[in-house]
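# Descriptive analysis of the structure
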Amino acid sequence: MLAERIAIGDGVTLCYIHTEKFKTNHMSINFIDELSEERASENALIPAVLMRGSETYPSMALLNRRLDYLYDGGVGSRVYKKGERQIMAFQFSFLDDSFVEETSLLFDGMFEMAEEILFHPLVKDGAFDADFTESEKQNQIDAIRSKRNNKNSYAVLRCREAMCEGEAYAVSELGSEEKIRRCDGALLYQRYREMIDTCPAVIFYIGHADKQSVCDKLSAMFGGKRSVKAIPDSVYKDAPSQVKTVEETMAVGQGKLTLGFRAPTLMGSDNAAAYSVFCDIFGNTPNGKLFMNVREKLSLCYYCSLLSEMNKGILFITCGINFADKDKAKDEILRQLEAIRRGEISEEEMEATRQALKSGYKELEDSPASLENWYFNRILAGLDTTPEQSLEKLLAVDVNQVVEEAKKIALDTVYFLKGEEA
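Residues numbered from 1 in each chain as written. Predicted model: local features only at pLDDT ≥ 70, side-chain atom pairs only at ≥ 80, totals over all residues. Heavy atoms only, no water.

## Description of the packing of helix H1 (residues 40-50) against helix H4 (residues 130-146)
Between H1 and H4, whose axes approach to 10 Å, the crossing angle comes to 120°. Between H1 and H4, the angle falls in the class oblique. Relative to H4, H1 is oriented so that their crossing is right-handed. Along the contact surface, H1 presents Ser 41, Ala 44, Leu 45, Ala 48 and Val 49, while H4 presents Phe 132, Thr 133, Glu 136, Lys 137 and Gln 140. Taken together, the residues of the contact of H1 with H4 break down into five nonpolar, three polar and two charged. (Axes fitted to C-alpha atoms, helices over the stretch in contact; angles between N-to-C directions. Helix = DSSP H or I, 4+ residues; strand = E, 2+ residues; numbered from the N terminus. Parallel < 35°, antiparallel > 145°, perpendicular 65-115°, else oblique. Left-handed = near helix turned anticlockwise from the far one by under 90°. Contact = heavy atoms within 4.5 Å. Nonpolar A, V, L, I, M, F, W, Y, C, P; charged D, E, K, R; others polar.)

Written out as structure tokens, the structure is:
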């Protein structure tokens with residue numbers, strides 16, 4: 001599906017994808033800020049508080065009643081990070097007007113809802129509603145604490161924090177309990193105004209409506225003058241000369257081993273395609289060396305996953321293991337990496353990877369969320385390519401290029417979560 005990028009206003013870019021494949025239309029409005037300890041907590045609270053009520057719909061009950069009228073239209077928000085950028089996202093989904101009798105009822109109604117939530121929040125005396133603010137503060141604190149309960153993701157989180165200590169990437173997109181507790185309605189409203197007035201915004205529209213109608217609606221919404229700030233690129237950092245080792249003990253029945261690598265090939269690099277193929281051969285697919293050898297052949301782990309962040313230049317290998325197998329699993333993971341560096345990649349592995357890539361790119365068009373994520377990563381990297389062009393580059397990668405990418409990555413940190421009896 002072809003995506004057109006259109007400048008809507010000061011620092012506002014529309015990524016428009018016309019498709020009639022889905023019965024529902026998808027729109028997301030994404031504000032981008034630099035990830036920092038100073039602003040992360042407030043930024044993360046803003047979408048949740050805005051979703052609690054507005055001037056016209058001052059409660060969730062009234063918001064939901066309006067959405068019911070719009071044929072159960074959906075609104076939501078989330079906060080996440082891509083590299084060292086924090087994204088405050090507002091999402092809207094609605095049935096296309098071609099499926100209802102009232103012309104433009106849903107299209108007009110959901111754009112009105114988007115403008116109401118974003119630009120007409122419930123404010124009194126320069127502050128957000130105190131009850132909304134306090135309630136969402138507690139929800140956010142609960143979300144931070146809940147990350148500790150999922151030990152798989154917790155191990156990656158702790159490895160990231162140890163590996164990137166002192167870097168913006170170590171900051172949680174949800175902020176910290178301490179700073180959340182210090183927020184109040186007035187401070188949060190001030191930060192909201194900064195977000196609306198200064199943060200660059202990327203908007204995705206994926207659906208039936210013609211481009212001009214979407215542009216007209218968004219131009220009216222973002223027509224005011226904005227003093228948009230520049231958001232710096234993520235900073236790549238080389239691995240230290242000595243690998244960091246971090247161990248923690250908890251009441252867990254399965255060890256969690258995470259290896260953090262520095263990977264200098266970023267999304268916008270000329271050799272990004274070769275790096276992506278390397279990731280698939282190493283551990284991104286069921287045919288990858290980690291799955292086939294560390295898990296299946298040697299049974300050293302219950303699961304073994306590769307997580308790559310090309311917006312920052314970091315790669316994680318994470319696995320669940322028996323406590324006693326920590327060194328064996330680590331050594332075997334590194335052995336598989338060395339095998340790739342030596343060029344021990346069969347034609348069968350290359351072909352399996354090519355087929356997996358073809359399948360993955362075909363599945364991009366199966367959901368608006370997949371399309372948005374793919375294009376958003378490339379917008380942030382300054383790329384203007386189509387999925388077809390990117391797949392062509394991936395399929396052209398050869399073994400030598402994969403070997404060169406494998407030689408570039410360097411182990412930075414080893415994190416191990418072990419049980420209390422270990």
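Don't stop here, the text continues.
## What about the sheet that holds strand E11 (residues 303-309)?
Taken in spatial order, the five strands line up as E9-E13-E10-E12-E11 in an open sheet, and their pairing is mixed. Either end of the sheet is taken by a strand with one partner, and the two such strands are strand E9 (244-250) and E11. Going from strand to strand, the sheet's axes swing by 15° on average, the running direction of each strand aside. In terms of strand pairing, strand E10 (residues 255-262) meets strand E12 (residues 314-321) through eight bridges, oriented antiparallel. Within the sheet, the bridge partner assigned to Arg 262 lies in E12 and is Ile 314. Packed on one face of the sheet, helix H11 (residues 326-341) meets E9, E10, E12 and strand E13 (410-419) and runs near 35° to E10. (Pairing = 2+ DSSP bridges.)

## Looking at unusual backbone geometry
One non-glycine residue, Tyr 71, lies in positive phi territory at about 55°. Within the secondary structure, Tyr 71 is located in the loop between helix H2 (60-69) and strand E4 (74-82). Non-glycine residue Ser 299 carries a positive phi angle of around 55°. Positionally, Ser 299 belongs in the loop between helix H10 (289-297) and E11.

## Considering the packing of helix H3 (residues 105-119) against helix H8 (residues 211-221)
The N-to-C vectors of H3 and H8 enclose an angle of 25°; their axes lie 11 Å apart at closest approach. Judged by the inter-axis angle, H3 sits roughly parallel to H8. In terms of crossing hand, the pair formed by H3 and H8 is right-handed. Of the residues in H8, those touching H3 at Phe 107, Asp 108, Phe 111, Ala 114, Glu 115 and Phe 119 are Ser 213, Val 214, Lys 217, Leu 218 and Met 221. Here the residues of the contact of H3 with H8 sort into seven nonpolar, one polar and three charged.

## Comments concerning the pattern of salt bridges
Pairing is possible between side chains that carry opposite charge, provided their charged atoms lie close to one another. Applying the stated criterion across every chain yields a total of 35 salt bridges. Here Asp 33 ties to Arg 39 by a salt bridge, and the two come within 2.9 Å at their closest N and O atoms. Taken as a pair, Asp 33 and Arg 39 share a single burial class, namely buried. The closest approach of N and O atoms between Glu 296 and Arg 295, which form a salt bridge, is 2.3 Å. What makes Arg 295 partly exposed here is its relative accessible area of 28%. Because the salt bridges share partners, they merge into one network encompassing Glu 84, Glu 167, Arg 262, Lys 312 and Asp 412. (Salt bridge = Lys/Arg side-chain N within 4 Å of Asp/Glu carboxyl O. Buried < 20%, exposed > 50% of the residue type's maximum accessible area, 1.4 Å probe, protein only.)

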